[in-house]
Each structure stands twice: as structure tokens, then as C-alpha cells.
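Reading the structure
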Amino acid sequence: MPVPDRFRSAFSTSTLKTLETNGGKLLLHNPLFFRSAYTGTVTENERRSFTPIALLEPTRVVAGRCTCVAWMKPDDLCRHVAVLVSRISAGNGALPGEQFETSMWRAIGFASFSEARELAGEGSADPREQVLRKYVLTDQEQELLKRGSGSTRLLWESSAWYRWAKAMFLRFGDGAGAKLVLRDGALFLLAEGVEVPLPANAVEQVIETRSGAIARAGGFDVMREGVTPSFRIELTAERALRFVPVLLTRDAKIHERAALPRFGRWCLVGKLFATPAPMPAMFAEKRAGEQSFLFDMRPAAGLPFDRETVIPEAEVFDFIEKHRDELAKMPATLAPENVRNAQPVRLEDEVVFDFAAPHRDLLEASITFKAGDQVVTAAEMAKARKDGVRALNRGSLWIDVTDPQFSWLDGATVGKNGRVLLTKLELLRIRGSLRGRQLFSGDGSCERVFRMFDELQVSADAPAPSDLGMDLYAYQQTGYHWLWLLQQNGFGGLLCDDMGLGKTHQAMALIRGLTYVNPELSVLVVCPTSLLDHWREKLAQYVPGITVTLTSYGIVRSRIEQFRGRKFDLLILDEVQTIKNSETSTHQALRAIEKRIAVGLTGTPVENHGRELMALLDFVVPGYLPKHIEDTATLQRLVRPFVLRRTKSQVLTQLPPKIVDKRYCELTAEQRALYREVVEARAKPLRALLRGGGKIPYIHVFAALNYLKQICNHPASVTGGLATDATTSGKWELFVDLINECMASGLKVVVFSQYLKMLELIEQHLEKQEIGYASIKGATVERGQQIWRFREDPDCRVFTASLRAGGLGIDLTSASVVIHYDRWWNQAREDQATDRVHRLGQNKGVQVIKLITRGTLEEKIDALIAKKADLATDLLRPDDPGLVKQFTVEELEGLLAYE
């Protein structure tokens, strides 16, 4: 037999030729190997014997030696080595050492060695193997062997089981003639009278050797994919789901997998060795994130087919809900009916509240939930939650007990008759928590509070606005009656009408109504500093003679001790979004004030996220909201009874043509000093001249008045520079608050000023805040483009205009708010500018806001305008000093004064 091509380079041409011509006279006897070292006895002409040794790798001869010569060249090995190599590598297949490592004999021997089985008649090692070891063992391995230690491989190769396995391999090769036998439940391998008990972890290789021939020789059937994996599902006494792996044979018989002998991939079913057929994953779940496996025992690939899985009771409902379709496909022999046809229910259909007659301030109701054709009571649900039940099982219905909508049950008072005792506030909280359609039944006296959740309820017992001397529009009367009903039941609330719909008037009606019934009631109103004058004016107008405590948020925060020990019957919080963050010191200070009822007013109850609304509602209705709210829909239901919000579009038919509102502010310290300086330097000499009866220098008077007006606007408008936190004005702060409120309410705004520098400061602020704006001034060329942009571009929110350029001939009806930053001398001119917004084509109510600085000529101008509605004619230019000619000397002197 020739030397395979992969090894021919190790031999000279003459050696290869000798082997080809005389190879039949060279015979190999008793081959032996150890790892990659091979030896044997080669006889030549049946007379002389030689012992060659070869170290082989799969593609080359590493080294060779022989007893025929003392030394050989690496590429000129002797013919005896050539015979050894050619015989052991016949067919260019794997070498014997490689074949042995994958043989069943090696598997049996190593498994027996690992289990420390005894081997009868061990015998001694072949001396030739000791020689081979010297060629392949490293120095370190040999040293370890001398010490009686070493790796598992070294110890295995030194064992009797290794020698046995190698001898069986050399004797029987791939096991031809061997067979597998079963006796008394144990498996044995029988080969030519030699019977070897098989370790379980070696059986797999025996079964697969020679394509199952050894097993079949022993009377077994061998069938790959001969059984189908599945589960038998049990519902435990602890309400858990147990998934027991089973195997189904082709005759539909069920075998519990754990009870069958298993040998690697193979299991023994009677006389059948079979592997499970590949099955798609059952009950697979998607994980939320890569690391969820740390907390979830269920693999994303599905439940394991080779071991039992228990879904704990706390997770059963979610599991059934996710996998109900798969469960429905399970055969009746593998899953109980209430699992196969499971219908997970979250009780979202119908809830019936059956009220008994109220007991003092408490309501008593039987609450029942409809689930399919089943009825579950609140008392049953409460007990199940107390007992830690995850899901109530009623036939095929699985009712979710831990649904967050039932968290209120944990603190509910349930009587022996199964009825729940409730306060009015608890009833509304329950109604907000539950998702199902809710029906009223029972005592009719409870229905009014019950209906507060369904629709806007108003009180018929409130004093009529006409009796209070107040003229309210219909929607404002609705708001007043709604507030009255809340306070009658001990509730606060949030009035969140759009800006300009008269929230202040509705709150004033509540104050007026309560003090009309009981003048001794104590009322506290808290508002931003910029609105103090506005509230003083309204309180003086509508509740004269009634003591109402009026203060600002800043005062409450810094002087909370002034309010401790006092109890207020009514607390009104204007612009209540100021305390939307419950962690602020202002919010905490206001919480420390003792009050019976709190009402918040805001046009922007939610500026950033739902937690702001929750903080506000928790303030005006403390203890109402649950600690955890599952979603936005639940929050919307919960807030419904205590939040009233109307938009301008909703109540447009009830709106007046326009609402005119004056907003007052104070000079800052810097403004006050600058104002006094101008009065002393410019106005005082002019006043002396006026008192002396001299010729009136109207142009100088006009200039002085304009200078004072610009100081009221903003110091930067007369000193130059930009508006900063360090340089501000009372009017500027009021204006910024108004703009922020309008932006939060989604409104478009037109701002008029007669001073270009002031318009420049406003536009710089809008750019800094990234608020889109358009503008018309005297120098504007593309007027039409600016107007079009403001009308058509939803991101263009503000239109700035000088009174002269923007007061006539343009259509700004896309706006609904007009702010006159500074007052003009002529009421008609202001009205003309306002009518650019409030004109034909306007489909929204328009609010007109005029900013006035207290204690300055602005307040005096406002009084004069009210007194003289027509101070000048349209023939006068807006910047004509002749305007001041319309004032008397006394009036001019008063304008120039500063008291």
C-alpha cells in the first residue's frame, strides 16, 4: 500500500520505490499509538523484525526512527517507517489516534474512569507505550506524572480504563459485531463475549455509532425525532401554573420526560431510542431589555422543554393574558379546561353603585363589577387583595385582582353586609380610578355627588349674581355655581378657563356670595406681585366693606409666620401654576396655611407634564389623588370633578365683543430714582413756569412727558443697552408674565408701543426666548409679507407694531390678545389700533390689556383719558407736541409732578 500523498515528502525517492516494488514482503504487526506517536512490528521476508516509530500530524510526518539504523535524515526515513505510516493512514482518512478520540470505546472508558468504576483484570501497560510517551509528553507533564498528579487528561491516559478502551478500539474498530443489551434496567455493551456495563453518559455515543446498528443489534428501535416535546399544565394549590415537560410518541401516548431514561439527546421509551423532534418555542416572551434575564426565569426563547417551570401565582394572570391563544391550542389531555379556555378579565365593562341612605357624612354603597356572565363584589375583591390573590378564577374567567384601578380597596372600610363606607371625596376618587361604565342605583339623595363625576354639576342654592350686584355672562355664572357646589361639599377646585374669560370675576362672585351669606367668613387671596393692584381694584369694586386678606406668593414664602395660627374659610390662588412644583418653598409655605377650601385660578394648569396638574390638584383637594396613577386616562378621569376648563371657542357665543383689562405695576427702585431725577431736572422748572403764567413751551412739556413715559416702560429704553435681570422695570416683569401665559395658552398676541426702542427691547426678548414674531414700524417696507406671516405661520406668535404704523389699515384677526405696552393720549387712537384685531372676520373673543404704572403720569393719563374720551382729533399727528394743548395748565402741572 503506497504512502499517502500528504506524507510522501518525508521519504526519499528510493525508499518510496522500494516500498512500491517490495512492499508486499513488509508486514505490520501489533500497531500501537499514544496521542500522535505510532509504532508497530515490521517483519521483512518473515525473518527479520524491526520496530519503527513515527510522530504524525494530519498533514505531515514530524519525525521518525527505527531499529534498523541509528540515525535517519528528516526527508529520508527508512522503509520500515514508510510501512508504518502507509498502513495506519490507509485511505487518507483520520489517523487511528484521532479516530480513537471520537470512538464509543473512548467514550465508554472515559465515562467509567470519571465515575471511578473498577475494572477487573486491568493488566499491565504495554512497554512500547512507555517509549511512545517519551516522544509526545512534555517535560512538565512527565514531571507531574512522577509526582502522581497532573491534568484530567494525564490521569485518564495513565488509567486501566484508557488501556482497555484503546485495546477494544484496536480489536473491534468501530464496533462491528457489538450489540447493546438491556438487563434489569441497566444497559450493557456485548462484544465477542465481553460484556461491559455502560455509564449513562457514554450511551449516546454507543447509540449513534454505526448509525444505530449496535442498538438495533440488541433489539432496540432507533428513531431520530421520534418523539415530540410538549408540556402538561397543572394549576397548583398555590394558584401557580406548573409546566411539566412531556414527550408524545407517534401513537399519541404521553410520557413524562423526567421519568424516561435520558442519554444526552436520546431518551428510551420502552424499546425505542428517540430524540425529540424540533419544535418552535412555546410561550416565548419578548424581553424589555438585554439584562431582563437577571430577573426573569422564563427565557425569551420560550419555556424549556427539558425541565419543569413554575409560573408563580403573582405572574399567572399576565402569562395567561399574553399566551391565551397558545393555551387554547393545547389538547385537553395536557391542560385543564379553565387554563385552555382562559379568559383574562380586567373588569372594564360595568360597575354598579347601589347606595343606601347616607349615614351622617358617610355614604354606604354596594359596589359590584360585571365580568362576562359573572358578578364580582368589591368585598370579594378586597378580600382577595388582602389574601395576596393575583387573579380570581371563576370557571374560565381569570379576573385581575391587582389591577391598579382597585388600589383604593386596600384602605376601604367594608361592612359585614359587604357594603363600602365612603366619604364624598372617596366616592369621587373611586369613580376616577375605575375604568368601566359606572351606573347609579339606590337612594336618590346620593345621586348629585355621584353625578359630579359624569357631568358639570352646578348648585341651585347659590345667591343669584344679580343679588350680589354682579353682571356675569352665562358661562361665568356656570363657573360661579360650580365653585359654589364644590365648597358646599367641602371640596376645592381648579378654575382653568382660557385667558380672558374672566376667572377673576367668577372667583370674585364666589367671595361675594360666601360673604353675602356670612360676612364673618375669612378670605385669603394670594397672587403674583404684578396682580396685586388688579385684585385691590376688583375687591374694592365688588366686596366693599368686607375684609379680605390680599398678599403675594413672595410675601407668603418670606413671612409665613404671619399666617400661622389663622384659619381661612376660603383661599383663592390666582395664577396657581406658580406652585406647580410641590418641592418649592412657596408651595410648602402655602400648605402650612390652614384653610377650609382652596380654589386655584390658572389658564395654564399644565405647562410641562401631568405631575404639575397633580401637584395643583393635590393642593386644592388634599388627599384625593392616589399615590400612584397608572396612566394619563386615569388622571383625566380623576381630575374631572375638580377642574373646570372652557376655551374661547367653546363659549364664543357668550363672549362680549372684547374684554378690556387694565393691569397695574409698580416702579422698581432704579426706575423710581431715575423718574425722580428727571422730574427734578426737567419737570420741576416747567411746573414753575406753568404756575407763573408764562408762555407755555409745549414742545418741552411734550418732551419731558415722553421721557417720563419711557422710564415707566423700561430704563433701558432711555439709557440704552439691553433688558437684563439687573436692569428691569415693574411693567417689563408684568409684560413678560403676560407673554409667557399667552404662549402657554397657545394664543397669538399683538403688542403696541409708541416707542421704537421699546419695541426693539421686546423683540430682543422674543428672539432670546425663541418666540416667532412679525413686526410693522414706520420704516417697514414689506408690510403685507409681515401681516401674511403672522396670519398664516402657526409658529409666528407675536406681532409688534408702533401705534402709528400698525394702528390703521391692517388685519390682525389671527390674534386674540392685544397688549398696549404704553398708553397714548388719545382713546380713539388706541381703539383704532385694537380694532386691527377685533374686526370683521374675527372668530375669537379678544382681550385687550393696557399696562399702567402706579404713582406715575401713566396713572394720571389713564384718569384723564377716562374723563376726556376725545382729547384730540385725527388731524393731529401721534407725535405732535400740540397734543398737550388739549390739557389744562393744572392738568399739565399734575402730569409733571411726582408725589
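The structure we're discussing is the one just above.
Being a predicted model, the structure only gives us computed values, none of them experimental. (Residues numbered from 1 in each chain as written. Predicted model: local features only at pLDDT ≥ 70, side-chain atom pairs only at ≥ 80, totals over all residues. Heavy atoms only, no water.)

**Let's talk about the sheet that holds strand E27 (residues 548-552)**
The following threshold applies: Any two strands between which DSSP finds at least two bridges are classified as paired. Counting from the N terminus, the helices are the DSSP runs of H or I reaching at least four residues and the strands are the DSSP runs of E reaching at least two. By the convention used here, residues are in contact when the closest approach between their heavy atoms is within 4.5 Å. For every element, the axis is a line fit to its C-alpha atoms; helices are fit only across the contacting stretch, and the angle between N-to-C directions ranges from 0 to 180 degrees.
Overall, parallel pairing links the 6 strands, which are arranged E27-E26-E28-E29-E25-E30 in an open sheet. Sheet topology places E27 and strand E30 (643-644) at the edges, where each strand pairs with a single neighbour. Pairing analysis gives 3 bridges linking strand E25 (residues 493-495) to strand E29 (residues 594-601), with the strands arranged parallel. Paired with Leu-494 across the two strands is Gly-600, which belongs to E29. On top of the sheet, helix H18 (residues 532-542) reaches strand E26 (523-527), E27, strand E28 (567-574) and E29; it is set at about 170° to E27, its chief contact.

**Notes on empty space enclosed by the protein**
One water molecule sets the probe size; rolling that probe over the atoms shows where empty space is left. What counts, and what does not: The pocket and cavity definitions rest on a 1 Å grid over protein atoms only: a 1.4 Å probe that fits but cannot leave marks a cavity, an open set with protein on both sides within 12 Å along at least five of seven lines marks a pocket, and residues lining either have an atom within 4 Å of a point. Grid points are joined across faces, edges and corners, and a volume is the space filled by probe spheres set on the points. Amino acids are sorted into nonpolar (Ala, Val, Leu, Ile, Met, Phe, Trp, Tyr, Cys and Pro), charged (Asp, Glu, Lys and Arg) and polar (every other residue, Gly among them).
Applying the stated criterion to the full structure yields 4 cavities of 30 Å³ or more. Approximately 60 Å³ is the volume found for the largest cavity. Forming the boundary of the largest cavity are Pro-404, Gln-405, Ser-407, Ser-433, Pro-626, His-628, Ile-629, Glu-630, Thr-634 and Leu-638. Within the lining of the largest cavity, the residues separate by chemical class into 4 nonpolar, 5 polar and 1 charged.

**Brief notes about the packing of aromatic side chains**
The geometry of an aromatic ring pair is captured by two quantities: the separation of the ring centres and the angle between the planes. Note the following rule: Each pair of aromatic rings taken from Phe, Tyr and Trp, with Trp reduced to its six-membered ring, is defined by centres within 6.5 Å and is described as stacked if the planes are under 30 degrees apart, edge-to-face if over 60, and tilted in the remaining cases. A 1.4 Å probe rolled over the protein chains alone gives each residue an accessible area, and that area as a share of the maximum for its type sets the label: buried under 20%, exposed over 50%, partly exposed in between. Only when the NZ atom of a Lys or the CZ atom of an Arg is both within 6 Å of the ring centre and within 35 degrees of the ring normal do we say a charge sits over the ring.
A full pass over the atoms with the stated rule returns 33 aromatic pairs. Judged by centre distance (5.9 Å) and plane angle (85°), the rings of Phe-100 and Tyr-162 are edge-to-face. Within this pair, whereas Phe-100 is found in helix H3 (residues 96-101), its partner Tyr-162 is found in helix H8 (residues 160-172), the two being separated by 62 residues in sequence. The exposure classification of Phe-100 matches that of Tyr-162, with both residues buried. Aromatic rings pair up to connect Phe-33, Phe-34, Tyr-38, Phe-100, Phe-110, Phe-113, Trp-156, Tyr-162 and Phe-169 into one cluster. Arg-106 extends its terminal NZ or CZ atom over the ring of Phe-110, reaching a point 4.7 Å from the ring centre. Just above the ring of Phe-619 sits the side chain of Lys-595; from NZ or CZ to the centre is 4.3 Å.

**So, the pattern of salt bridges**
Our working definition: When a carboxyl oxygen of Asp or Glu lies within 4 Å of a side-chain nitrogen of Lys or Arg, that pair is called a salt bridge.
Scanning the entire structure with this criterion turns up 56 salt bridges. When the shortest N-O distance is used, the salt bridge between Lys-383 and Asp-387 registers 2.7 Å. Owing to a relative accessible area of 46%, Asp-387 belongs among the partly exposed residues under this scheme. One salt bridge in this structure joins Lys-662 and Asp-862, with 3.1 Å as the shortest N-O distance. Here the residue Lys-662 occupies a position in strand E31 (residues 658-665), and Asp-862 occupies one in helix H31 (residues 857-867), the gap between them amounting to 200 residues. The partly exposed category is assigned to Lys-662, whose relative accessible area is 27%.

**Structural notes on the environment of Leu-190**
For Leu-190, the position within the fold is in strand E7 (residues 186-191). On the basis of relative accessibility, which here comes to 24%, the residue Leu-190 falls in the partly exposed class. With near-sequence residues (within four places) excluded, Leu-190 lies in contact with Gly-177, Ala-178, Lys-179 and Glu-195.

**Focus: the sheet that holds strand E16 (residues 343-345)**
Pairing is mixed in the open sheet, where 3 strands are placed in the order E16-E21-E20. The open sheet terminates on both sides in strands that have one partner only, identified here as E16 and strand E20 (391-394). Within the sheet, the average angular offset between the axes of one strand and its neighbour, ignoring direction, is 25°. Sheet analysis places E20 next to strand E21 (residues 397-400), joined by 4 bridges and oriented antiparallel. Among the inter-strand pairings, Leu-392 is bridged to a residue of E21, identified as Ile-399.

**A closer look at unusual backbone geometry**
Of note, the phi angle at Arg-35 is positive, near 50°, even though the residue is not glycine. For Arg-35, the position within the fold is in the loop between strand E1 (26-34) and strand E2 (37-44). Take Arg-35: its relative accessible area is 17%, and that puts it in the buried class. Although it is not a glycine, Ser-211 adopts a positive phi angle of roughly 55°. Looking at the element boundaries, Ser-211 is found in the loop between helix H9 (200-208) and helix H10 (213-217). Exposure remark for Ser-211: the relative accessible area of 66% places this residue in the exposed category.

**A few points about the pairing of strand E5 (residues 60-65)**
The pairing of strand E4 (residues 53-57) with E5 spans 5 bridges and is classified as antiparallel. Each residue of the ladder has a partner; that of Ile-53, found in E5, is Arg-65. Between E4 and E5, which pair antiparallel one after the other, the connecting turn spans 2 residues.

**A word on the nonpolar core**
The condition is simple: Only buried residues count toward a nonpolar core, which is a set of Ala, Val, Leu, Ile, Met, Phe, Trp, Tyr and Cys residues joined through side-chain atoms within 4.5 Å.
The biggest cluster of nonpolar side chains holds 100 residues, and the ones touching the most others in it are Phe-369, Met-381, Ile-511 and Trp-535. Once residues lying within four places of it in the same chain are set aside, the contact partners of Phe-369 are Leu-347, Glu-350, Val-351, Gln-374, Val-375, Val-376, Thr-377, Ala-378, Met-381, Phe-406, Trp-408 and Leu-434. If you look at the next biggest cluster of nonpolar residues, it comprises 69 residues, including Tyr-162, Trp-164, Ala-178 and Leu-187.

**So, H18**
For H18, the complete set of buried residues consists of Leu-532, Asp-533, His-534, Trp-535, Lys-538, Leu-539 and Tyr-542. The inward-facing, buried residues of H18 contact helix H17 (503-517), E26, E27, E28, E29 and E31.

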